[in-house]
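# Report on the structure
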Amino acid sequence: MKVFFLLFAFSIFLWEFLAKSPDQFLHITVCDVGQGDAILLSLGYSQVLIDTGPDESVLSCLNKHMPFLDKKIDVLVLTHFDDDHIGGFDQLTQVYAINYLFLPLNTYKDSESFLKLKERIISIEKLGTIVKEPFLGQQIAFSEFSPSHQAKYNSTESSLLLSFLTPSDLDLEEYLALERAKSFLWQKSEDELSAEELQNMGIKTSDNDGSIGIFAQFGELKLLLLGDLETTREVALIESGLITKVDIQKIGHHGSKTSSSSEFLLRSRPEISLISCGLNNQFGHPNAEVLSNLQSIGSQVLRTDKMGTIEVLSDGQKFWLKNEKQNLF
Ligand SMILES: [Zn+2]
């Protein structure tokens, strides 16, 4: 009986190990977290997570899509401080260690969840997490060095390169506000400052338009991730000459009409549009006009409210869908 149990436990261990061993592909996983965002980019044992969804639902997604026994996320980006993007942070950081945390430090939010987030960031910073505000054009490269992978691809093709697109219009005033914001974030005594006083210091209220945007490249694959970025910032990105045609785009703000202007879509022209939104959500996301704009540029729309968690794989040249409810196409 004991032997049988041990064999049974070992076979489960082996199954988990084999099922969750990394391959040579880039996995883009849009977690089904209801109304919110949590997007995992996974290459070998390197992971980038963009936002944490509204609650602990991010954990079941990571449990399925992180390599077996890997409890470390290399880079976590919080695009902005709305609850549907930071709500899972506390539970996430109880289970996973975070190497680098990028967030818009020069903004604050007058909400209980933001104060809780701040407390938690202070704790994980003590445990070794490096907390940073990204700057425009800052890049992070990841390479997978497994022998099978190296034999197949040269080193430039096999690396995942992330470039931060925001803030796209950081000026001296904002830079100084950022410096002040850093002390605000780390010094608890400044909690007592009122929203008005913070604004006088040049620290902005967190809003969708302050979302951190990311351009990711893996071989020839181009991917755009826009948080809840809205039209005015989209225009700034176009004017900065930063937007070119991409293969895949995480559509801004869950498909809201405040994002994805036709001018922007005509520039980015994604073949695949990923929309993360809750089933029958109260905001009516995704907006019908946005869907029709996407249709008019011939983009294939994949929605978490209809498909659950969406997983796209790429070898750096081609990309394909591996969905829990659908097979490869
Ligand atoms: Zn959102």
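Shown above is the structure to which this text applies.
Everything quoted here is computed from the prediction, not taken from an experiment.

### Re the overall build of the protein
Assigned secondary structure in the protein consists of 13 helices and 17 strands. When the 329 residues of the protein are sorted by exposure, 42% land in the buried category. Long-range pairs, those at least 24 residues apart, make up 70% of the contacts in the protein between residues at least 6 apart in sequence.

### Describing the sheet that holds strand β2 (residues 39–43)
Taken in spatial order, the eight strands line up as β7-β5-β4-β3-β2-β1-β16-β17 in an open sheet, and their pairing is mixed. For this open sheet the edge positions go to β7 (130–132) and β17 (319–321), each flanked by a neighbour on one side alone. Taking each pair of neighbouring strands and ignoring which way they run, the sheet shows an average axis angle of 20°. With three bridges joining them, strand β16 (residues 310–314) and β17 adopt antiparallel strand pairing. From the neighbouring strand, V312 faces β17, where its bridge partner is L321.

### Comments concerning the sheet that holds strand β14 (residues 272–275)
One key point about sheets: their strands pair by backbone hydrogen bonds, in either a parallel or an antiparallel sense. Pairing is mixed in the open sheet, where seven strands are placed in the order β8-β9-β11-β12-β13-β14-β15. Each end of this open sheet is capped by a strand with a single partner; those strands are β8 (139–142) and β15 (300–303). Each adjacent strand pair in this sheet contributes to an overall mean axis angle of 15°, direction not counted. Here four bridges tie β8 to strand β9 (residues 160–164), and the two strands are oriented antiparallel to one another. Within β9, the position partnered with A141 by the bridge is L161.

Cut-offs and rules
- Residues numbered from 1 in each chain as written.
- Predicted model: local features only at pLDDT ≥ 70, side-chain atom pairs only at ≥ 80, totals over all residues.
- Helix = DSSP H or I, 4+ residues; strand = E, 2+ residues; numbered from the N terminus.
- Buried ≥ 20, exposed ≤ 12 C-beta atoms within 10 Å, placed from the backbone.
- Contact = placed C-beta atoms within 7 Å.
- Pairing = 2+ DSSP bridges.
- Axes fitted to C-alpha atoms, helices over the stretch in contact; angles between N-to-C directions.

Purely spatial values, then, with no claim about function.
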